[in-house]
Amino acid sequence: VLDRDTVQRAGGAAAVLDRFATGETQALIGTQMVSKGHHFPRVALSAVLAADGYLAFPDFRAVERTYSLLAQLGGRAGRGSVAGRAGIQTYHPDHYAITAALNHDDAGFAHEELRFRRAFHYPPFTRMILVASRAADRAVGEGALTDFASRLRLQDLPPDLRIQGPGPAPFERLRGEWRFQLILRSQDGRGLRLAVQAALGSLPKR
């Protein structure tokens, strides 16, 4: 097994990979780190379980990350003289990230992903800034970002500005802190940056 716990043990990851490379172990099970940069010529089969995990994540890059992960893992098999096969477990077999990964279709994936991002005003068709707050007290963290949003709306804003939030961040509470975020999108990157800087400058000094 290759996971975070294995990596944290002295020599743990290296020992696991050495046993797999020499054939002492015949299967390597792990988290996403299994897909990163390993070269094992004898591997003929790779598989991804629950490949949909990233697709539902509230981040516009989630589909791109899903495709990248699947493409990398699929490339772990068939790197030697033996032909390779890749299997993907998914509840969305018709999703373009899944079908493109299975067909090694980089161009097809890029076409669909750019179409999605254009329709919903995501980069590279806009510039985006994420403003975040973290606090041990939930009301303090939420209030700080709400105050910032109010100050932002008093600035000279780009006419096409889209404001999402403020609202809870993914993993709203992490390591004892409450996390909130405000997402701003505009084609005018400079105007967006200046408005955010002005709003930050108007906050009371502590």
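Scroll up to find the structure this text is about.
K.L.:
Even after reading the chapter, I still don't get the packing of helix α3 (residues 62–74) against helix α5 (residues 106–119), so can you show me in this structure?
P.N.:
Packed helices, taken two at a time, are described by their axes: the angle between them and the distance between them. Between α3 and α5, the shortest axis-to-axis distance is 11 Å and the interhelical angle comes to 170 degrees. Between α3 and α5, the angle is such that the two are roughly antiparallel. On the side of α3, the interface is formed by V63, E64 and Y67, while α5 contributes D106, F109, E113 and R117. The residue inventory of the contact of α3 with α5, partitioned by class, reads 3 nonpolar, no polar and 4 charged.

K.L.:
Would you mind showing me how to read the pattern of salt bridges here?
P.N.:
Close approach of charged atoms allows side chains of opposite charge to pair. Per the counting criterion, the structure on display carries 9 salt bridges. In this structure, the salt-bridge partner of R61 is D59, at a minimum N-O distance of 2.8 Å. With its nearest N and O atoms 4.0 Å apart, the salt bridge here joins E177 to R134. In this pair, E177 is assigned in strand β5 (residues 177–186) and R134 in strand β3 (residues 127–135), connecting sequence segments 43 residues apart. Exposure remark for E177: the relative accessible area of 29% places this residue in the partly exposed category.

K.L.:
Can you help me understand the layout of surface pockets in this one?
P.N.:
Over the atoms, a rolling probe the size of a water molecule traces out where space has been left empty. Counted as a void, the largest pocket has a volume near 840 Å³. Along the walls of the largest pocket sit 32 residues, with L28, V34, S46, A47 and L73 positioned nearest its centre. Every element with two or more residues in the lining of the largest pocket is listed here: α2 (12–22), β1 (45–48) and α3. What the second largest pocket holds in volume is close to 340 Å³. Surrounding the second largest pocket, 16 residues form its lining, P58, D59, Q164, Q181 and I183 being those nearest its centre. Breaking the lining of the second largest pocket down by element, the ones donating at least two residues are β3, β4 (162–174) and β5. Per-element accounting of the lining of the second largest pocket gives the leading share, 5 residues, to β4.

K.L.:
Is there a simple way to explain unusual backbone geometry in this structure?
P.N.:
In the segment running from P123 into P124, the intervening peptide bond is cis, with an omega of 15 degrees. By the element assignment, P124 lies in the loop between α5 and β3. Cis geometry marks the peptide bond from G165 to P166, where omega comes out at 5 degrees. Looking at the element boundaries, P166 is found in strand β4. In this structure, H104 is a non-glycine residue whose phi angle is positive, near 55 degrees. In this fold, H104 is placed in the loop between α4 (96–102) and α5.

K.L.:
Please explain the pairing of β5 as it appears in this structure.
P.N.:
Counted residue by residue, β5 has 7 buried out of 10 residues, so it is predominantly covered. Pairing between β3 and β5: 9 bridges, direction antiparallel. Counterpart to R127 in the pairing with β5 is S186. Bridging between β4 and β5 involves 7 bridges; their strand directions are antiparallel. By the bridge assignment, P168 is partnered in β5 with F180. Following β4, the chain reverses through 2 residues before pairing antiparallel with β5; R175 in that reversal takes a positive phi of roughly 55 degrees.

K.L.:
Is there a simple way to explain the packing of aromatic side chains in this structure?
P.N.:
In this description, an aromatic ring pair is defined by two values, namely the gap between the centres and the angle between the planes. Counted under the stated rule, the structure contains 7 aromatic pairs. Plain terms: the ring middles of Y54 and F57 are 6.5 Å apart, the flat faces sit at 80 degrees to each other, and that makes the pair edge-to-face. Accessibility expressed as a relative area gives 27% for F57, which makes it partly exposed. One aromatic cluster in this structure is built from F60, F116, F120 and Y122. The ring of W178 is capped by R138, whose NZ or CZ atom sits 5.3 Å from the centre of that ring. Residue placement shows R185 over the ring face of Y122; its charged tip is 4.5 Å from the ring centre.

Rules of the game
- Residue positions are given per chain, counting from 1 as you read along its sequence in written order.
- Only residues with pLDDT of 70 or above have their local features reported here, since the model is predicted, and side-chain atom pairs are shown and tallied only from 80 upward, although totals for entire chains, interfaces and linings are computed over all residues.
- For the side-chain quantities, the full set of heavy atoms in the structure was used; hydrogens and water were omitted.
- Note on definitions: angles span 0 to 180 degrees between N-to-C directions of axes, and those axes are lines fitted to C-alpha atoms, for helices only across the stretch in contact.
- Secondary structure elements follow DSSP: runs of H or I of four or more residues count as helices, runs of E of two or more count as strands, with numbering from the N terminus.
- Note on terminology: angles under 35 degrees are roughly parallel, angles over 145 are roughly antiparallel, angles of 65 to 115 are roughly perpendicular, and the others are oblique.
- Any pair of residues with heavy atoms lying within 4.5 Å of one another is described as a contacting pair.
- Residues are grouped as follows: Ala, Val, Leu, Ile, Met, Phe, Trp, Tyr, Cys and Pro are nonpolar; Asp, Glu, Lys and Arg are charged; every other residue, Gly included, is polar.
- Between Lys or Arg on one side and Asp or Glu on the other, a salt bridge is scored when a side-chain nitrogen of the former is within 4 Å of a carboxyl oxygen of the latter.
- Relative accessibility decides the category of a residue: with a 1.4 Å probe and only protein chains considered, values under 20% of the type maximum give buried, values over 50% give exposed, and everything between is partly exposed.
- The distinction between a cavity and a pocket rests on a 1 Å grid over the protein atoms alone: a 1.4 Å probe fits inside a cavity but cannot get out, while a pocket stays open yet meets protein on both sides within 12 Å along at least five of seven lines, and a residue with an atom within 4 Å of a point counts as lining.
- Grid points are joined across faces, edges and corners, and a volume is the space filled by probe spheres set on the points.
- If DSSP finds at least two bridges between two strands, the strands pair.
- When the centres of two rings from Phe, Tyr and Trp lie within 6.5 Å, Trp using its six-membered ring, the rings pair. Their planes under 30 degrees apart give stacked, over 60 give edge-to-face, and anything left gives tilted.
- Throughout this description, the term charge over a ring refers to an Arg CZ or Lys NZ atom that lies within 6 Å of the ring centre and within 35 degrees of the ring normal.

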